[in-house]
Amino acid sequence: MTSPVLYLADTLIDGTGSAPQRRGAVLVDGERIAAVGEQARAAAPAGVHVVELAGCTLLPGLIDAHLHLDGWRSLNRTDWVLMDDGLRAIDAAHDAARMLAAGFTSVRDMGSVAAVSLREAVRAGEVPGPRMQVAVKGIYQTGGQGDRAWLPLDMVRARESCRLADGPDDCRRAVREMVRAGADVIKIAASGGPRSMVPHFSPEELAALVDEAHRMGFRVACHALGAVAIRNAVDAGVDSIEHGYGLDAATAERMAQRGTFLVCDLLMRERYATRGPAFRYPQAEADAAARALETGMASLRLAHEAGVRVAFGTDYGGQPILPPNELADGLLLMIEAGLSALEAIRAATATAAAVMGWEDRLGTLQAGRLADMIAVSADPLMDLHIVRRPVLVMQGGRLIPPDVGTWPREAQVPSTHRQGAMTLPMAPVEQR
Ligand SMILES: [Zn+2]
């Protein structure tokens, strides 16, 4: 049993959206927060160990509510299917460790090959990483989102992080399979990607998916882009809209009334647009990503103005265009779309925890919550960039070494296993 520690900083942002507190203080006892603010100072026992973080701000650990810890090391979707599973799992574990060092103490994985294994390894303390909720595989219609139609169907079924389902009965069965496989949340897709925005699944299929998940106590996270698909998904009763590009005002209002979350991810789009071409990503696709980013920003603005609860996501998958220590840059894009810095922080802490149903466990700096906390070297409300470089990361009361997940690497020698698939022609980015 460790003794309590009192952390003192100039400022404290508790994640609830409340104004920052000056003279920040958090008393950590074991894995939990015992007290915050003046109460923490008052409650600290005599002789308590004090850590002074002069000039710093304390805030809750960051949460990425939409990513894929899938070890993608290229931008080519055929690589994602062909790369060795073991190597991908190890790459994903490496990304998880680096995300933790960057201040992400929890994540929600929306479909990847090793998610359950990684979640269990993190839980068991075998590898460092964020706390995880996982979808196992996304449930999509045949020929829809995630179904790489240029590959044989059997290969997609065997190798992709998607469970193709058609018809209400098969949709129910797919939900049961994901529950059996260890899912914490059910991920479905009600549309194609940002370019097609074609609605997927019939109303009967959507209703079956949502009913089956809810009956067993699971939330439904729904990939939906385009006004029609988003409306269909909200009407079907999904718990969160993922991406949500192309949202219209009427559906935004309906989401606010019903309490449907928007999990907003913009950062991958921005990185594909700006850095993709240097990684063999076709210029036309990079341009399409830039247009999708514009649409996504407009949708976030609309949702925010309508009072929709917005949570932070990145859609990160391990791609080299976005190192894990840059993931917090997604908050800057939220500010461009009209959120205040305080609102962006809430989206990546309290609201992201609420999407996961973990709001009573973590996501805020409050007495009784798990001590998932970061400190940054200045006031993030003045300069949100600094959230990218936390000076302290704590998960469950435990300090995370800043170099976790970094290891001296050998000179990069292309090997068959690592580079073989990556010389293939670029696969199509999107289909209908
Ligand atoms: Zn995704």
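Residues numbered from 1 in each chain as written. Predicted model: local features only at pLDDT ≥ 70, side-chain atom pairs only at ≥ 80, totals over all residues. Heavy atoms only, no water.

Attention now goes to the sheet that holds strand β2 (residues 21-29). Sheet architecture is open: 7 strands sit in the order β3-β2-β1-β4-β15-β16-β17, paired in mixed fashion. Edge positions in the sheet fall to β3 (32-36) and β17 (398-399), since each has one partner strand and no second. Bridging between strand β15 (residues 373-376) and strand β16 (residues 392-395) involves 3 bridges; their strand directions are antiparallel. Residue pairing across strands places A375 opposite L392, the latter belonging to β16. (Pairing = 2+ DSSP bridges. Helix = DSSP H or I, 4+ residues; strand = E, 2+ residues; numbered from the N terminus.)

Each protein donor to the zinc ion is listed here as H66 (NE2), H68 (NE2) and D315 (OD); together their distances run 2.1 Å. Along the chain, the residues donating to the zinc ion fall in the pattern H-x1-H-x246-D. Here H66 is found in strand β5 (residues 62-67), whereas its partner D315 is found in the loop between β14 (310-313) and α12 (330-336), with 249 residues between them in sequence. (Donors = N, O, S within 2.8 Å, 3.2 Å for Na, K, Ca; no water.)

Of the two faces of β14, the one lined by V310 and F312 and the one lined by A311 and G313 are each fully buried. As defined by bridge partners, strand β13 (residues 261-265) adjoins β14 across 4 bridges and the pair is classed as parallel. Counterpart to V263 in the pairing with β14 is A311. (Buried < 20%, exposed > 50% of the residue type's maximum accessible area, 1.4 Å probe, protein only.)

Turning next to the packing of helix α9 (residues 249-258) against helix α11 (residues 283-306). Orientation of α9 relative to α11, taken along the N-to-C sense of each, is 45 degrees, at an axis distance of 9 Å. Viewed along their axes, α9 and α11 adopt a mutual orientation that is oblique. Here α9 and α11 pass one another in a crossing that is right-handed. Each of A249, A252, E253 and A256 in α9 lies in contact with α11, whose residues at this interface are L302, A303 and A306. The residue inventory of the contact of α9 with α11, partitioned by class, reads 6 nonpolar, no polar and 1 charged. (Axes fitted to C-alpha atoms, helices over the stretch in contact; angles between N-to-C directions. Parallel < 35°, antiparallel > 145°, perpendicular 65-115°, else oblique. Left-handed = near helix turned anticlockwise from the far one by under 90°. Contact = heavy atoms within 4.5 Å. Nonpolar A, V, L, I, M, F, W, Y, C, P; charged D, E, K, R; others polar.)

In terms of domain boundaries, the protein chain breaks down into domain 1 (5-61 + 365-399) and domain 2 (62-355). Taken over C-alpha atoms, the centre of domain 1 sits 30 Å from the centre of domain 2. Each partner contributes residues to the interface: domain 1 has 23 residues there, and domain 2 has 27 residues. For the pairing of domain 1 and domain 2, the buried interface totals around 1,900 Å² over both sides, and the portion due to carbon and sulfur atoms is 66%. At the surface where domain 1 touches domain 2, the tally comes to 2 salt bridges. The shortest N-O distance in the salt bridge between R131 and D372 comes to 2.8 Å. Counting the contacts that link domain 1 with domain 2 gives 4 residue pairs in polar contact (both at pLDDT 80 or more). Looking at the side of domain 1 that touches domain 2, the elements with two or more residues in it are β4 (49-60) and β16. Broken down by element, the side of domain 1 that touches domain 2 gets its largest block of residues, 3 residues, from β16. Here the residues of the side of domain 1 that touches domain 2 sort into 13 nonpolar, 8 polar and 2 charged. (Domains from an automatic or database assignment. Buried area = accessible area lost by both parts, 1.4 Å probe. Salt bridge = Lys/Arg side-chain N within 4 Å of Asp/Glu carboxyl O. Polar contact = N/O pair within 3.5 Å; in protein donor to acceptor, adjacent residues only side chain to side chain.)

Another aspect to go through is helix α6 (residues 168-181). When the terminal C-alpha atoms of α6 are compared, their 20 Å separation across 14 residues agrees well with the 20 Å that a helix rising 1.5 Å per residue should span. Turning to α6, its buried residues are C171, A174, V175 and M178. Angularly, the buried residues of α6 cover 100 degrees about the axis, an arc narrow enough to put them on a single face. Looking at α6, the residues exposed on the side facing more than 90 degrees away from the buried face are D169, R173 and R180. Structurally, α6 contributes buried residues whose contacts are with β8 (138-140), β9 (162-164), β10 (186-189) and α7 (203-215). Backbone geometry just after α6 places G182 at a positive phi near 110 degrees. (Expected span 1.5 Å × (residues − 1). Arc of directions from axis to C-beta.)

What follows concerns the nonpolar core. If you look at the biggest cluster of nonpolar residues, it comprises 94 residues, and the most contacted ones within it are L69, I139 and M334. Each of domain 1 (5-61 + 365-399) and domain 2 (62-355) gives at least three residues to this core. Aside from chain neighbours lying at most four places away, what touches L69 is A92, D95, A96, M99, V107, D109, S112, L118, M132 and Y316. The next biggest cluster of nonpolar side chains, apart from the first, holds 17 residues, and it includes L365, M373, L392 and M394. (Core = buried A, V, L, I, M, F, W, Y, C linked by side-chain atoms within 4.5 Å.)

Our next topic: helix α3 (residues 85-101). With 17 residues, α3 should cover 24 Å at 1.5 Å per step; its first-to-last C-alpha distance of 24 Å lies within 8% of that length. Among all positions in α3, only R88, D91, A92, A93, D95, A96, A97, M99, L100 and A101 are buried. With a side-chain oxygen lying 3.2 Å from the backbone nitrogen of G86, the N-terminal cap of α3 falls on D84. Looking one or two places after α3, you find G103, whose phi comes out positive at around 105 degrees.

On to the pairing of β4, then. Sheet topology note: the strand β1 (residues 5-12)/β4 ladder contains 7 bridges and is parallel. When the bridges of β4 are listed, V5 appears paired with H49. In this structure, β4 lies alongside β15, joined through 4 bridges in antiparallel fashion. Each residue of the ladder has a partner; that of P60, found in β15, is M373.

Another aspect to go through is the side chain of S112. Mapping S112 onto the fold places it in the loop between β6 (104-109) and α4 (115-123). Among the polar contacts listed, one links the side chain of S112 to the side chain of D109, at a separation of 2.9 Å. S112 has contacts with H68, L69, D70, V136 and S161, leaving out every residue within four places of it along the chain.

Glancing now at the packing of aromatic side chains. Scanning the entire structure with this criterion turns up 3 aromatic pairs. Judged by centre distance (3.7 Å) and plane angle (5 degrees), the ring pair of W72 and W80 falls under stacked. Judged by relative accessible area, which is 6%, W80 ranks as buried. On the basis of an interplanar angle of 35 degrees and a centroid distance of 4.7 Å, the ring pair of Y272 and Y281 is categorised as tilted. With respect to class, Y272 is no different from Y281; both count as buried. The lysine or arginine in question, R361, covers the ring of W358, its NZ or CZ lying 4.8 Å from the ring centre. (Phe/Tyr/Trp six-rings, centres within 6.5 Å; stacked < 30°, edge-to-face > 60°. Lys NZ or Arg CZ within 6 Å of the ring centre and 35° of its normal.)

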